[in-house]
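Listed here are the chains, written in short residue letters.
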Amino acid sequence: MKCPYCAFDESRVVDSRPCEEGTMIRRRRECTKCNKRFTTYERVENIPLIVVKKGGQRTPFDKNKIFNGMIKACEKRPVSIDAIKEVVDDLERSFYQSEMKEIPSSLIGEQVMAALKTLDEVAYVRFASVYRQFKDVTSFRDELERLISEKQTEGNS
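Residues numbered from 1 in each chain as written. Predicted model: local features only at pLDDT ≥ 70, side-chain atom pairs only at ≥ 80, totals over all residues. Heavy atoms only, no water.

**Q** Tell me about the pairing of strand β2 (residues 24-31), residues and numbers included.
**A** In terms of strand pairing, strand β1 (residues 11-19) meets β2 through eight bridges, oriented antiparallel. Bridge assignment links S16 to a residue of β2, and that residue is R27. Remark: four residues form the turn of the hairpin made by β1 and β2, two consecutive strands paired antiparallel; E20 in that turn has positive phi of roughly 50 degrees. (Pairing = 2+ DSSP bridges. Helix = DSSP H or I, 4+ residues; strand = E, 2+ residues; numbered from the N terminus.)

The structure is reproduced here in structure tokens:
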């Protein structure tokens, strides 16, 4: 690490400690030439995720879009902001861990719906109605019947 005072290339680490909830390391260094101390920070470099839309357009992944969509779906429902944040963080983590650089928007939508189904069924149906672009009451009813059928199957197991 280059010294910010004399530009010498060598320094020694005097102290290291985690910061920002363990996502970064703060290091105190001392230049071996001028003996002045300075601080550096080290963090993991995130691979940028790209979302591939239905039409083939590519946009940077933005977890706020998922968060905002879930907030709308959960409006006036007994779902806490913390629960929504946790789901969004879990989804983001799973996308990064998958090591896919490009994620189809359909995969994101399906995973959001799966998470909402366990969180709040009304929020799930709200989100599904927008995501699956229900054209009429019949398609809405079909989704509700599918949900009811799944609940009955779970209850019989």
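There's more to say after this.
**Q** Report on the nonpolar core, specifying residues and quantitative values.
**A** If you look at the biggest cluster of nonpolar residues, it comprises 28 residues, and the most contacted ones within it are I66, M70, F95, I108, V112 and L116. Of all the secondary structure elements, the ones that give two or more residues to this core are α1 (63-73), α2 (81-97), α3 (105-119) and α4 (121-131). Among the elements that take part in this core, α4 stands out by supplying six residues, more than any other. Apart from the residues lying within four places of it in its own chain, the contact partners of I66 are F61, V88, L91, F95, I108 and V112. (Core = buried A, V, L, I, M, F, W, Y, C linked by side-chain atoms within 4.5 Å. Buried < 20%, exposed > 50% of the residue type's maximum accessible area, 1.4 Å probe, protein only. Contact = heavy atoms within 4.5 Å.)

**Q** Can you explain the pattern of salt bridges? Please cite residues and give values.
**A** Enumeration over the complete set of coordinates arrives at 10 salt bridges. R37 is paired through a salt bridge with E30; the nearest N and O atoms lie 3.1 Å apart. Take E30: its relative accessible area is 14%, and that puts it in the buried class. When the shortest N-O distance is used, the salt bridge between R58 and E102 registers 2.9 Å. Taken together, the residues R58 in strand β5 (residues 58-60) and E102 in strand β6 (residues 102-104) connect sequence positions 44 residues apart. Under the relative-accessibility criterion, E102 is labelled partly exposed at 38%. Residues joined by salt bridges that share partners form a network here, namely R12, E30 and R37. (Salt bridge = Lys/Arg side-chain N within 4 Å of Asp/Glu carboxyl O.)

**Q** So, α2: which residues are in play, and what are the values?
**A** Taking 1.5 Å per residue as the helical rise, α2 with its 17 residues ought to reach 24 Å, and the 24 Å between its terminal C-alpha atoms agrees with that figure. Listing the buried residues of α2 in full gives I84, V87, V88, L91, E92 and F95. Within α2, the buried residues cover an arc of 130 degrees as seen down the axis, which keeps them to one side. Across from the buried face of α2, at angles greater than 90 degrees, the exposed residues are D82, E86 and Q97. Taken together, the buried residues of α2 touch α1, β6 and α3. Once α2 finishes, E99 follows within two positions and takes phi at roughly 65 degrees, a positive value. (Expected span 1.5 Å × (residues − 1). Arc of directions from axis to C-beta.)

**Q** So what's going on with the state of the cysteines? Which residues, and what values?
**A** Tallied over the entire structure, the rule returns zero disulfides. Of all cysteine sulfurs in the structure, the one in C31 sits closest to C34, which takes part in no disulfide; the separation is 3.7 Å. Given a relative accessible area of 29%, C34 falls into the partly exposed group. (Disulfide = S-S within 2.5 Å.)

**Q** Tell me about the packing of α2 against α3, and name the residues and values.
**A** Close contact between α2 and α3 brings their axes to 11 Å; oriented N to C, the two are set at 145 degrees. The hand of the α2/α3 crossing is right-handed. Residues A83, V87, L91, S94 and F95 of α2 form the contact with α3, whose own contacting residues are I108, Q111, V112, A115 and L119. Each residue belonging to the contact of α2 with α3 can be placed in one class, and the counts come to eight nonpolar, two polar and no charged. (Axes fitted to C-alpha atoms, helices over the stretch in contact; angles between N-to-C directions. Left-handed = near helix turned anticlockwise from the far one by under 90°. Nonpolar A, V, L, I, M, F, W, Y, C, P; charged D, E, K, R; others polar.)

In short, geometric facts, not functional conclusions.
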